[in-house]
Amino acid sequence: MRDLFKAELLRFRGWALGAFAAHLLVLAFLARVVDLAQQPLLVYRVFGGVDMLAGVLLGLYQMGSYRRPNTWLNLLHRPLAPARIAAALLGAGLFWLVVAVALPVLLIGAYQAGLTARVVDLRHWLLPLAAWLLAACGYFAGACCMLGPARRAVAALVLPVALAVNQASGGWALLVQALALAWLAAMLVASFKPDLSAPPRTPLATVLLALPLQMGVYLLFLLLEFGGQMVWIMQGSHPNNTETPPPGGQNETERMTPRQRMLAGLAASHAPQAPTWREQVALSEVVSPGVDLSALPVRGALTNAAPIDFDDTAQGVRWTFSHDRMRLVGYRIAGGRGVGTLGVGVANGAFAAPTVAVGGLPGQPKDDRSLIAGNRLYHYVSDIRQVLPRIRLPEGEWLLGATPVGENLVVQSDRALYFYDGRDVVASEALLQPRERMPIPGAVGDLRDLDLIELVDGYLVSASFTTYAWVMDGAAPYQTLTWVHDDGRVEEVARRTIAFDYPAWFRYQAWWPSPALYALRQAASGLLATPDPMQATEPAPMPHSIQWLAGVLMLASLLASLWLVRRRGLSLPAQAAWVIACGAISLPALASLWLLYPAGEAEPLAVRRSLAV
């Protein structure tokens, strides 16, 4: 085993050292141009994708060179167990991935921490491990693809895809990657056998190989449905690309101007003030408050959901938020010399949550900035280089943005709108107190358009909930109009039901092919992840017709499996297990049965005996 490991190290030594040098040069060049530790999420995704692709290529090439029948037999005809042979070969590949992928990232991190004033937190020291885990997952997936029969070779790529959609952050993301790597390693061990085309030999191996295969078939269904949607778009009848959207539907509402949306909502109002409000909407400026955060920052996350640095051009300082210190760390834009840390107030206290810099509040100097941190908004005063608290929302809420409305200020959280007197913003630096609070009449994840006008005696607010109306996760689309009185009272004056533009089979296309695998996909996406309040929705009730469709497909899969298991010569316990799986998981399980056990290949005797026991 040791000799085989050394031979494999020597075999890939030149390629690995070359990849190390190229990787290090690219990172060193980029580190001279930008701060690699504070890049947007897209940059990290690109690097992670490249690392995983490098691993896939290594796995394909390494196992492809051994997969030829004579070479494979010679490899396994050694006085070693197949698992030990696999450990030697794969151990060498994993070692070179450490050198080529993780080591350059570690060296650049050490350079930034030791020779620059840039922020390097504990979370950044975990990036080399994350890069190696991604590359290793790609490596094992590529090896599985090469060792498996062609009919099910790509099933192993499902696990790297699952990593791409998982929402875990920080150390939890590393744990999810480690779990995926362990599953892929078990798949490799199950595939590492003399007859590569033979079905799995044990019940555990069957589960390890069948479940990713079923998920791969499920994803193929989704791709076919996406292709059908492209044909629908090319025909010109898709609701998203028709010149005139369906009347009364979500696309019509989304294409309206803010003024048109408010008038459409008022058309459904029976309030006595509605005619007067229509005239005011036609004459007034309609404001659409927006959110300054596309995603909520999480302390300790390996990547940045939103930019956490900003430049004070008047002082010539770039401030970057440090997750370890929970304060801003500054350095000179010209020269890069450090200028110290900056916290809250004169005491230089820690921020309540990771901060994101947004535009200044009304009346503030142009070099000042507002900082959002959890449920609080701070004012960065450039002249005195201090951060002062200005807005504090109730605990448990997330401040998402602040928008000037006339001479006043509207602040949106994930639960409510808050209205502040604009005169208080410029009068002093004291903590602002809201005059009115309007609970958002729905889930913030469903909220797409928020429009309002200022009335003589308050505000008229329109909220349209159509964000996810085209998929099963969203609420049934609707619009509300709310009158916020000057005295703080909140009164709903109109509710308009908006029609679905898409048929039910389209909205639930991710569910009816396999309810079980849809649930598994959702669980994999949220595994060990912190719930994001901005994605909270209130799904509409599922139509009975969709439930019947899924049930019919499950029944058809069960009946077809009864016929198929008899033709595959499986043992009685295996037949029962597969029939139950096909009935519960639906058509993807039936497809995996057909792919795992082609016609003419009976189940190995070892499986029959183990299942019988």
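Enquirer: Run through the sheet that holds strand E10 (residues 408-413), naming residues and quoting values.
Expert: Taken together, the four strands give an open sheet; going across it, the order is E9-E10-E11-E12, and neighbouring strands pair in antiparallel fashion. Each edge of the sheet is formed by a strand with only one pairing partner; in this case those strands are strand E9 (399-405) and strand E12 (436-439). Strand-to-strand, the axes of this sheet are offset by a mean angle of 20°, without reference to chain direction.

Enquirer: Describe a negative patch on the surface, naming the residues involved and giving the relevant values.
Expert: Side chains of Glu407, Glu454, Asp457 and Asp486 sit close together on the surface and give a patch of like negative charge. With respect to the helices, strands and loops of the structure, Asp486 is situated in the loop between strand E15 (478-485) and strand E16 (490-497).

Enquirer: For the environment of Gly59, give the residues involved together with the corresponding values.
Expert: Relative to the helices and strands, Gly59 resides in helix H3 (residues 41-66). A sequence separation of 536 residues divides Gly59 from Leu595, and the C-alpha atoms of the two residues are 23 Å apart.

Enquirer: An account of the pattern of salt bridges is requested, with residue identities and associated values reported.
Expert: By the definition in use, this model includes 14 salt bridges. Between Glu8 and Arg11 there is a salt bridge, with the nearest N and O atoms lying 2.9 Å from each other. With Glu8 and Arg11 both in helix H1 (residues 2-11), this residue pair falls three residues apart, about one helical turn. As a salt-bridge pair, Asp487 and Arg489 come within 2.8 Å of each other at their nearest N and O atoms. Salt bridges linked by common partners bring Glu254, Arg261, Arg448, Asp449 and Asp451 together as one network.

Enquirer: Explain helix H17 (residues 544-567) residue by residue, including any values.
Expert: Compared with an ideal rise of 1.5 Å per residue, which puts 24 residues at 34 Å, H17 spans 35 Å between its outermost C-alpha atoms and is within 8% of the ideal. At Ser561, H17 shows its maximal bend, which comes to roughly 25°. Buried within H17 are the following residues: Ile546, Ala550, Leu553, Ser557, Ser561, Leu564 and Val565. Among the structural elements, helix H15 (504-507), helix H16 (515-526), helix H18 (572-585) and helix H19 (587-596) are those in contact with the buried residues of H17. Following H17 by one or two positions, Gly569 adopts a phi angle in the positive range, close to 65°.

Enquirer: Lay out a nonpolar patch on the surface in plain terms, naming residues and giving numbers.
Expert: A contiguous nonpolar patch, built from Leu103, Leu106, Leu107, Leu122 and Trp125 and spanning about 420 Å² of accessible area, is present on the exposed surface. If one sorts the elements of the nonpolar patch by residue count, helix H5 (residues 82-115) sits on top with three residues. Considering the arrangement of structural elements, one finds Leu122 in helix H6 (residues 122-125). Residue classification places Leu122 among the exposed residues on the basis of a relative accessible area of 55%.

Enquirer: Go over the pairing of E15, please, and point to the residues and values.
Expert: Taking burial as the measure, the eight residues of E15 include eight buried ones, the bulk of the element. The side-chain alternation of E15 yields two buried faces, one formed by Tyr478, Thr480, Thr482 and Val484 and the other by Gln479, Leu481, Trp483 and His485. The pairing of strand E14 (residues 458-465) with E15 spans eight bridges and is antiparallel. Each residue of the ladder has a partner; that of Ser462, found in E15, is Leu481. Bridge count for E15 against E16 is seven bridges, and the pairing is antiparallel. Counted as the bridge partner of Tyr478 is Thr497 from E16. Linking E15 to E16, which pair antiparallel, is a turn of four residues; within it Gly488 sits at a positive phi near 100°.

Enquirer: Quick rundown of the packing of helix H7 (residues 127-147) against helix H9 (residues 171-191)? Include the residues and the values.
Expert: Between H7 and H9, the shortest axis-to-axis distance is 9 Å and the interhelical angle comes to 25°. On the basis of the axis angle, H7 is roughly parallel to H9. For the pair H7 and H9, the crossing hand works out as left-handed. Along its contact with H7, which presents Leu129, Ala130, Trp132, Leu133, Leu134, Ala136, Cys137, Phe140, Ala141, Ala143, Cys144 and Leu147, the element H9 presents Leu174, Gln177, Ala178, Ala180, Leu181, Leu184, Ala185, Met187, Leu188 and Ser191. Residues belonging to the contact of H7 with H9 are distributed by class as follows: 20 nonpolar, two polar and no charged.

Enquirer: Account for the side chain of Arg123, naming residues and giving values.
Expert: Checked against the element boundaries, Arg123 lands in helix H6. The class for Arg123 is buried, based on a relative accessible area of 3%. For Arg123, the side chain forms a polar contact with the main-chain oxygen of Ala301, separated by 2.7 Å. Residues within four places of Arg123 in sequence aside, it is in contact with Gln38, Gly300, Ala301, Leu302, Thr303, Asn304, Ile308 and His323.

Enquirer: How would you summarise the packing of aromatic side chains if you had to cite specific residues and measurements?
Expert: For the structure on display, the rule yields 15 aromatic pairs. Here Trp232 and Tyr502 contribute two aromatic rings whose centre-to-centre distance is 6.3 Å and whose plane-to-plane angle is 90°, an arrangement assigned as edge-to-face. Here Trp232 is found in helix H10 (residues 203-235), whereas its partner Tyr502 is found in the loop between E16 and H15, with 270 residues between them in sequence. Here Trp232 matches Tyr502 in class, with each residue buried. For the ring pair Trp578 and Tyr597, a centre distance of 6.1 Å and an interplane angle of 90° mean the geometry is edge-to-face. In this pair, Trp578 sits in helix H18 while Tyr597 sits in the loop between H19 and helix H20 (605-612), placing the two residues 19 residues apart along the sequence. In this pair, the class of Trp578 matches that of Tyr597, namely buried. Ring-pair connections join several aromatic residues into one group, and the members of that group are Trp232, Tyr502, Trp505 and Phe506. The ring of Phe500 carries the charged tip of Arg507 above its face, separated from the ring centre by 3.7 Å.

Enquirer: I'd love a proper account of the pairing of strand E7 (residues 376-381), names of residues and values included.
Expert: Consecutive side chains along a regular strand alternate between the two faces of the sheet. In terms of residue burial, E7 counts as a mostly covered element, since five of its six residues are buried. As paired strands, strand E6 (residues 369-373) and E7 are joined by five bridges and run antiparallel to one another. The residue bridging Ala373 from the neighbouring strand is Arg376, located in E7. Counting the residues in the hairpin turn of E6 and E7 gives two residues, including Gly374, whose phi is positive at 65°.

Enquirer: If you had to explain the side chain of Gln479 to someone new, which residues and values would you point to?
Expert: For Gln479, the location among the structural elements is in strand E15. At a separation of 2.8 Å, a polar atom in the side chain of Gln479 contacts the main-chain carbonyl oxygen of Arg261. A distance of 2.9 Å separates polar atoms of two side chains, one belonging to Gln479 and the other to Ser462. Sequence-distant contacts of Gln479, defined by excluding residues within four places in its chain, comprise Arg261, Met262, Ala264, Gly265, Ser462, Ala463, Ser464, Ala494, Arg495, Arg496 and Ile498.

Enquirer: Quick one: what's the story with helix H13 (residues 274-283), residue by residue and with numbers?
Expert: Spacing of three or four residues puts side chains on the same side of an α-helix, whose turn is 3.6 residues. What H13 keeps buried is the set Ala274, Trp277 and Val281. Down the axis of H13, the buried side of the element spans an arc of 55°, and every buried residue falls inside it. Structural note: H13 exposes Glu279 and Leu283 on the side pointing more than 90 degrees away from its buried face. As for H13, its buried residues are in contact with helix H12 (258-266), strand E13 (447-455), E14, E15 and E16.

How each quantity is defined
- Residues numbered from 1 in each chain as written.
- Predicted model: local features only at pLDDT ≥ 70, side-chain atom pairs only at ≥ 80, totals over all residues.
- Heavy atoms only, no water.
- Pairing = 2+ DSSP bridges.
- Helix = DSSP H or I, 4+ residues; strand = E, 2+ residues; numbered from the N terminus.
- Axes fitted to C-alpha atoms, helices over the stretch in contact; angles between N-to-C directions.
- Patch = residues over 30% accessible without salt bridge, like charges linked within 9 Å, V, L, I, M, F, W, Y side chains within 5 Å.
- Areas by Shrake-Rupley, 256 points an atom, 1.4 Å probe, with all protein chains shown as cover.
- Salt bridge = Lys/Arg side-chain N within 4 Å of Asp/Glu carboxyl O.
- Lys, Arg positive; Asp, Glu negative; His and termini not counted.
- Charge placed at Lys NZ, Arg CZ, Asp CG, Glu CD.
- Expected span 1.5 Å × (residues − 1).
- Bend = angle between axes of the 7 residues up to and from the residue.
- Buried < 20%, exposed > 50% of the residue type's maximum accessible area, 1.4 Å probe, protein only.
- Contact = heavy atoms within 4.5 Å.
- Parallel < 35°, antiparallel > 145°, perpendicular 65-115°, else oblique.
- Left-handed = near helix turned anticlockwise from the far one by under 90°.
- Nonpolar A, V, L, I, M, F, W, Y, C, P; charged D, E, K, R; others polar.
- Polar contact = N/O pair within 3.5 Å; in protein donor to acceptor, adjacent residues only side chain to side chain.
- Phe/Tyr/Trp six-rings, centres within 6.5 Å; stacked < 30°, edge-to-face > 60°.
- Lys NZ or Arg CZ within 6 Å of the ring centre and 35° of its normal.
- Arc of directions from axis to C-beta.

So yeah, pure geometry; function would need other evidence.
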